[in-house]
Amino acid sequence: MAEQKLSGDVFYPSAEIKNHANAKCDELYKFASKESLSFWSSEADNLHWFKKWDKVLDDSNKPFFKWFTGGKTNICYNCLDVHVKTFRRNKLAFIWEGENGESLSLSYFALKRETCRFANVLKGLGIQKGDRVTIYMGRVPEIIIAMLACARIGAVHSVVYGGFSVEALHERLEDSQSKVLVVADGAFQRGKIVELKKIADEALQRAATVQSVVVVKRTGHQINMEQGRDMWYHELMALPIANSFCPAEKTDAEDPLFLLYTSGTTGKPKAILHTHGGYMVGIYSTLKYVFDIHEDDRFWCAADPGWITGHSYIVYGPLLNGATSFMYEGAPSYPFPNRWWQMIEKYGINILYTAPTAIRGFMRYGDAWPNRHDLSSLRLLGSVGEPINPEAWKWYHRVIGKEKCPIMDTWWQTETGMFMITPMPCTPLKPGSGTKPFPGIEADIVDDNGNPVKPNEEGFLVIKTPWPAMIRTIYNDPDRYVNQYWSKYPGMYMTGDSARKDDDGYFWIIGRVDDVIKVSGYRLGTAEIESALVSHPSVAEAAAIGLPHDVKGNAIHAYVILKTGVNKTDTLVEELRQHVGHEVGPIAKPEHIEIVDSLPKTRSGKIMRRVLKAKALGLDPGNLSTLEE
Ligand code: WT7
């Protein structure tokens, strides 16, 4: 078939890349667009089911869609047991390198053993199917073992990113009603210790449901162990109950697998719920086709397991595909800016998947750092988290990929569970565009009334048909699930992003249209930052906005009204920044805090953040008819 003629800056994949690819693109798109349910069921057929499903998609109670209903499976069984029965038994499932240079490799056999052992420990602590377990650690192997152990026994994990702090952890513990917390004593970050256990102790004082705390020794510094509540991981794993016999629970396709909290427009972070069956099928096939996983590949997703990217593409996706996944504990440029390139060379990484903010960070250090290393093992590159600016795309392509590695710019969300708009290795690429919806996905760009906009016009990005790894609900808040995602345009899933499509039908994501700020690819809500500020005794009111930043993409700027009688000083401003760091986490610390006397509000008292943003950028604030003062 003749290649479609495309406009603009286009990078065509080489014949070598295309021939190597698992995905025969044209065929896949054709099959999936005509018969998407057959496509998904043929993908599901590649995985193990204790009992086959009755129905691929049950849409009898929209928007509470169900997938593979009647089917019985277990994602952990598919990640481990299936491979242990084959030659992959001795294959490396994970390679891990600590920031301090330590390393560890786990074969599929060893990972299964450790997972079973810890699953038995959890059972010993009273954890049963459906119970929630919160996991709060850095990037250490135990985080993966703990997640898999939960999945194995049908418990629901809720991983809280190790960069979050006291209030963020407390809220998540409380909302999920977790019985057990698995935490590390600390995490290494740029040679320093982040005191995770200490943060957890403070969060636990605010939350009541946790009965047992399992502590993984990572940093070995002095910590408080509360008698009767806190137990060392290594001591529990040395007990006779921690044997490696633990059959996987035959979970229902729709049984909950995990909760993952993410920021929304208003109020508290919401718990996105994903399930065993559909989620498994979605991430298995997207990873296989988009990152073209082959038996001898070493795949590095450089995200954190505490975010959806890590859940889907560090832990579950690579294991479902029987691949070798690499995880690095520490900071990218530590001790020198060549750290990543050194590890790619050392471990022979074939696929690197990271975020634009990291690429922009590396660009600033210059080409000499990567050029010192042999990066020839790389075949494919990936990007996620925010739009990648063409300049960063080209640098990544030229300096890291040596102009031979296509870049998979994958658009998706915590809610979608899996890649939604993404190239495959055979797709002609345009720097900055996520190209097209994955086979079987129907996405579009619509106006305020839900009608498709013309090519090149900006509108709201929506998904028009359900997909297997989709969010099932917001835990504890099904109404919010309906209102947030399905009420603006009936029958369409609202992503919260704005985008446009060009004349070739390529999607270009512009950014969030709600009060979500993407800082270095991290998703934060203005509401969380504002409530952290207001929880400080000196603050009366606060507003947070995101403003463009060269490396971070966006940076947080906050406007604060102080309580009467409180004096505005530089020390206080710094104290407020630290306070946000202590409550939410270092990533949420505002770049800049301005003390103001008033905030622009509507007559009903809603802060008009767009007015603050326009003012800060020197732009026209637009329609001010609803402004109170
Ligand atoms: C939001 C979702 C799912 C991976 C990590 C983020 C933005 C994500 C891209 C991309 C442009 C992107 C969107 C989206 N986003 N990937 N390739 N190009 N924007 O998950 O924390 O749930 O954030 O990240 O704004 O809505 P998340």
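Residues numbered from 1 in each chain as written. Predicted model: local features only at pLDDT ≥ 70, side-chain atom pairs only at ≥ 80, totals over all residues. Heavy atoms only, no water.

A separate point is the side chain of K288. Among the secondary structure elements, K288 is positioned in helix α10 (residues 277–290). Taking the relative accessible area as the measure of exposure, K288 reaches 12% and is therefore buried. Contacts of K288, omitting those with residues within four sequence positions, involve N22, E43, N46, I293 and N321. (Helix = DSSP H or I, 4+ residues; strand = E, 2+ residues; numbered from the N terminus. Buried < 20%, exposed > 50% of the residue type's maximum accessible area, 1.4 Å probe, protein only. Contact = heavy atoms within 4.5 Å.)

In the region of the ligand, 17 residues are neighbours, and D409, T410, T414, R512 and R523 sit closest. Backbone polar atom of T410 to a nitrogen atom of the ligand: 2.7 Å apart, as the coordinates give it. A distance of 2.8 Å is found between an oxygen atom of the ligand and a side-chain nitrogen or oxygen belonging to R512. For the ligand, whose free accessible area comes to 550 Å², the fraction covered by protein is 96%. (Near = heavy atom within 4 Å. Polar contact = N/O pair within 3.5 Å; in protein donor to acceptor, adjacent residues only side chain to side chain. Areas by Shrake-Rupley, 256 points an atom, 1.4 Å probe, with all protein chains shown as cover.)

We now examine the sheet that holds strand β28 (residues 553–562). Strand order in the open sheet formed by 3 strands is β27-β28-β29, with mixed pairing between adjacent strands. Of all the strands in the sheet, the pair left with one neighbour each is β27 (539–549) and β29 (592–595). The average undirected angle you get between the axes of adjacent strands in this sheet is 25 degrees. Pairing geometry for β28 and β29, over 4 bridges, is parallel. The residue of β29 that forms the bridge with H557 is H592. Helix-sheet contacts for helix α17 (residues 526–534) involve β27, β28 and β29, and the interaxial angle to β27 is about 140 degrees. (Pairing = 2+ DSSP bridges. Axes fitted to C-alpha atoms, helices over the stretch in contact; angles between N-to-C directions.)

Now for the nonpolar core. Nonpolar side chains tend to gather and get buried jointly when the protein is soluble and globular. If you look at the biggest cluster of nonpolar residues, it comprises 162 residues, and the most contacted ones within it are F68, F118, L148, F291, Y313 and Y316. The element contributing the most residues to this core is helix α6 (residues 141–153), with 10 residues. Filtering out sequence-adjacent residues up to four positions away, Y313 remains in contact with I283, T286, L287, F299, C301, I308, P318, Y353, W412, G417, M418 and F419. Counting 28 residues, the second largest nonpolar core, distinct from the first, contains Y328, I359, I388 and W395. (Core = buried A, V, L, I, M, F, W, Y, C linked by side-chain atoms within 4.5 Å.)

What follows deals with the pairing of strand β17 (residues 324–328). For β17, a buried count of 5 out of 5 residues is recorded, marking the element as mostly surrounded by other parts of the structure. Of the two faces of β17, the one lined by T324, F326 and Y328 and the one lined by S325 and M327 are each fully buried. Strand direction decides the pairing type here: strand β4 (residues 92–97) and β17, joined by 4 bridges, are parallel. Each bridged residue has a counterpart across the sheet, and for W96 the counterpart in β17 is M327. In the sheet, strand β16 (residues 298–301) pairs with β17 via 3 bridges, with the strands oriented parallel. Bridged to R298 within β17 is T324. In this view, the connection linking β16 to its parallel neighbour β17 by way of helix α11 (residues 308–320) has right-handed handedness. (Right-handed = clockwise from strand over helix to strand, strands pointing away.)

Turning our eyes to something else, we now look at helix α18 (residues 570–583). Taking 1.5 Å as the rise per residue, α18 with 14 residues should run 20 Å; its terminal C-alpha atoms sit 20 Å apart, in good agreement. All buried positions along α18 are accounted for by L572, V573, L576, H579, V580, G581 and E583. The secondary structure elements touched by the buried residues of α18 are α7 (166–176), α8 (196–206), α17, β27, β28 and β29. Positioned one or two residues after α18, G585 has a phi angle of 145 degrees, which is positive. (Expected span 1.5 Å × (residues − 1).)

Before going further, it helps to spend a moment on the state of the cysteines. Counted under the stated rule, the structure contains 1 disulfide. Here C25 is linked by a disulfide to C426, with a sulfur-sulfur distance of 1.4 Å. Here C25, found in helix α2 (residues 25–34), pairs with C426, found in the loop between β20 (407–409) and β21 (443–446); they are 401 residues apart in sequence, far enough to count as distant. C426 matches C25 in its accessibility class, with the two residues each being buried. As a non-bridged cysteine, C405 has C426 as the owner of its nearest cysteine sulfur, 16 Å distant. (Disulfide = S-S within 2.5 Å.)

This next bit is on the sheet that holds strand β23 (residues 493–501). Read across the open sheet, the 4 strands follow the order β21-β22-β23-β24; overall the sheet is antiparallel. Strands with a single pairing partner mark the edges of an open sheet, and in this sheet they are β21 and β24 (507–512). When the angles between neighbouring strand axes are averaged without regard to direction, this sheet yields 45 degrees. As defined by bridge partners, β23 adjoins β24 across 5 bridges and the pair is classed as antiparallel. The residue of β24 that forms the bridge with S498 is G511.

Turning next to unusual backbone geometry. With an omega dihedral of -5 degrees, the bond running from K62 to P63 counts as a cis peptide bond. With respect to the helices and strands, P63 occurs in the loop between β1 (55–58) and β2 (66–69). For the peptide bond that leads from Y334 to P335, omega is -5 degrees, which places it in the cis range. You will see that R190, though not glycine, has its phi angle at about 50 degrees, which is positive. Within the fold, R190 resides in the loop between β9 (187–189) and β10 (192–194). Although it is not a glycine, K402 sits at a positive phi angle of roughly 50 degrees. Turning to its location among the elements, K402 is positioned in the loop between α15 (390–400) and β20. By relative accessible area, K402 is classed as partly exposed at 38%.

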